[in-house]
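Here is how the chains run, residue by residue.
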Amino acid sequence: MPLAQNLEPQINSAATYFPISARSDKSNEFDWEIVNRFFVSELFSISANDKKLAQFQLRCREHFINKLSDPAMWDVVEKIYFSKYSIKNIAPEMQIFSGSWSEDANPAPANRIVNVLMTLLDTLHLKPPADAKLNFIEKEIRTAFQAEFKPEKSAIKGQALLPYLPPLAEVFRADLHYLLSKQHYFLAHLSHLLRFYVFIYTCQIALSINSWKDGEPQKLKDCYFILDNEKASKERSMLRERGCKQVEKGIESLFPVLAMNESLQEKEPGILPLWALYPELTDDVLSRLVKYAVAFAADRDLNFDPANITTVDEAILALLDLSKRQFNKGETRSAAGNKFINFTKSALCSNFTRTRGSAGKVFVIDQEYLLLLTNLAIGEQGKLRLHELIIEFQMRGVFFDRESQTALVEFYERLGNVERLSDSGDAVYVKATI
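These remarks concern the structure in this document. Keep in mind that this is a model prediction, so the values were computed, not measured. In this numbering scheme, every chain counts its residues from 1 along its sequence in written order. Local features in this predicted model are restricted to residues whose pLDDT is 70 or higher, and side-chain atom pairs enter the listing and the counts only when it is 80 or higher, whereas totals over whole chains, interfaces and linings include all residues. Here the side-chain values reflect all heavy atoms present in the structure, with hydrogen atoms and water set aside.

What about the packing of helix H4 (residues 108-121) against helix H6 (residues 166-181)?
When two helices pack together, you describe them by how their axes are tilted relative to each other and by the distance separating the axes. Running from N to C, H4 and H6 cross one another at 95°; their axes reach a closest spacing of 8 Å. It follows that H4 is roughly perpendicular to H6 by the angle criterion. Across the interface between the two elements, Leu 117, Leu 120 and Leu 121 of H4 pack against Ala 169, Phe 172, Arg 173 and Leu 176 of H6. In this classification, Asp, Glu, Lys and Arg are treated as charged, Ala, Val, Leu, Ile, Met, Phe, Trp, Tyr, Cys and Pro as nonpolar, and every other residue, Gly included, as polar. For the contact of H4 with H6, the per-class residue count stands at six nonpolar, no polar and one charged. To obtain each axis, a line is fitted to C-alpha atoms, and for helices this fit is confined to the stretch in contact; angles are then taken between N-to-C directions over 0 to 180 degrees. Strands here are runs of E lasting at least two residues and helices are runs of H or I lasting at least four, both read from the DSSP assignment and numbered beginning at the N terminus. Note that the term roughly parallel is reserved for angles under 35 degrees, roughly antiparallel for angles over 145, roughly perpendicular for angles of 65 to 115, and oblique for everything else. It only takes one pair of heavy atoms within 4.5 Å for two residues to be counted as in contact.

Overview of the side chain of Gln 95
Among the secondary structure elements, Gln 95 is positioned in the loop between helix H3 (73-81) and H4. If we skip the residues at most four places from it in the chain, Gln 95 touches Asn 36, Arg 37, Val 40, Lys 88, Asn 89, Leu 187 and Leu 190.

Observations concerning the pattern of salt bridges
What counts as a salt bridge is simple: a side-chain nitrogen of Lys or Arg found within 4 Å of a carboxyl oxygen of Asp or Glu. One pass over the full model with this rule turns up 19 salt bridges. One salt bridge in this structure joins Asp 401 and Arg 236, with 2.7 Å as the shortest N-O distance. Remark: Arg 236 occurs in the loop between strand E1 (224-227) and helix H8 (237-241) and Asp 401 occurs in the loop between strand E5 (399-400) and helix H16 (402-415); sequence separation between them is 165 residues. The two residues Asp 401 and Arg 236 agree in class, both being buried. Here Glu 413 ties to Arg 420 by a salt bridge, and the two come within 2.7 Å at their closest N and O atoms. Burial classes follow relative accessibility: with a 1.4 Å probe on protein chains only, a residue under 20% of its type's maximum area counts as buried, one over 50% as exposed, and anything between as partly exposed. Exposure remark for Glu 413: the relative accessible area of 39% places this residue in the partly exposed category. The class of Arg 420 is partly exposed, set by a relative accessible area of 45%. Sharing partners across several salt bridges, the network here consists of Glu 230, Arg 236, Asp 401 and Glu 403.

Notes on unusual backbone geometry
One non-glycine residue, Ser 45, adopts positive backbone phi at about 55°. Residue placement: Ser 45 occurs in the loop between helix H1 (32-43) and helix H2 (50-65). Judged by relative accessible area, Ser 45 falls into the buried class, the value being 13%. A positive phi angle, close to 60°, is found at Asp 301, a residue other than glycine. Within the secondary structure layout, Asp 301 lies in the loop between helix H11 (286-299) and helix H12 (312-325). Note on Asp 301: relative accessible area 67%, which makes it exposed.

Focus on the nonpolar core
Here the nonpolar core consists of buried residues drawn from Ala, Val, Leu, Ile, Met, Phe, Trp, Tyr and Cys, with membership extended through side-chain atoms lying within 4.5 Å. Residues Phe 39 and Phe 393 are the most contacted members of the largest nonpolar core, which totals 146 residues. The contact partners of Phe 39, leaving out residues within four places of it in the chain, are Val 114, Leu 117, Met 118, Leu 121, Phe 172, Leu 176, Leu 190 and Leu 194. Judged by nonpolar contacts, the second largest core, of eight residues, contains Tyr 224, Ile 226, Ala 232 and Val 364.

Coordinates in, geometry out; function isn't part of it.
Below, the structure written as structure tokens:
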């Protein structure tokens, strides 16, 4: 049965499907180097801590001294690869050397981000690519690494059975597979990939959070961006109506809806998205839902009259309304709600948000992310027609209006990766840069 056996008010938590906490600034200080470490650890089912990494360094030293004619050469190897953690750039799996645990390090925020990313990947675990182009020393280090760090069972517990956004999960998996086939590009752009997808996930879940009655999302919602060198005006209606402002509005509902969704379910075998839970709720659970709503309202000191609730739909709507109202201005949890909203905007969205005059806040893709997105969208095909590329962008949650599409072509022409077969727009091809 999908509904929890004991429905009773509890501490608000949205951790299964969203990484932001409403507790304190410290709990949302994301170190993206540590995010890389945790993500690669989960992806390849290997784990490490500073103690294990130090032990590996000693074993690596023994391995090299046995092979080198001059043992003093180890000091050079150690300086190049270990002193500044450059070892992490040898191969994708060695990104577990990213970041360092100091006494004041706080891994919990990074761990939450990776847990949410793993809901997109579900049970996907990959083997490190074997065809790395490495020099002799790097090959020896990698050989020693593979002998020391064997794949093991994932340590993450209570993973969600379903991604909240299946269409985004599909392209994330495909992009990750492609990026791993370009190992040096993976190493250079892993943080960008993860930041981009965490941001797009934030936008898309904010846009769809109140559409749980519609069932499983079949495609991503329209969300419009501009290039970082573009000007924007309030006359660009798509930016104004289907851009940053609608996402910020949706963010206000994220914590209340996700927290209520979690409170309705058992943690094991895994939390379901509300759109998947809802169809499973039949009329025989109505009285339990109403009883829970009464108890929740009393616990949060909210006015509530259950008399008019006669269907499961009405009960779910009432519970979500109560969950949202607990964060209203003047309520005891209003500060926590505001923290969640502000942290979400600053920690996850600020890299992609700008204020542009009369247009107000808009979402922006800068050149670095645009090139990454272009290469991911084109993938192994080498080149795509412009309109095909635009569709691939939309599959990744990035929409451009006509003015931005014109600016996009101009950007590619300056870059030199446009191929024109005629004056027709359909004959404009964009080539990958890797």
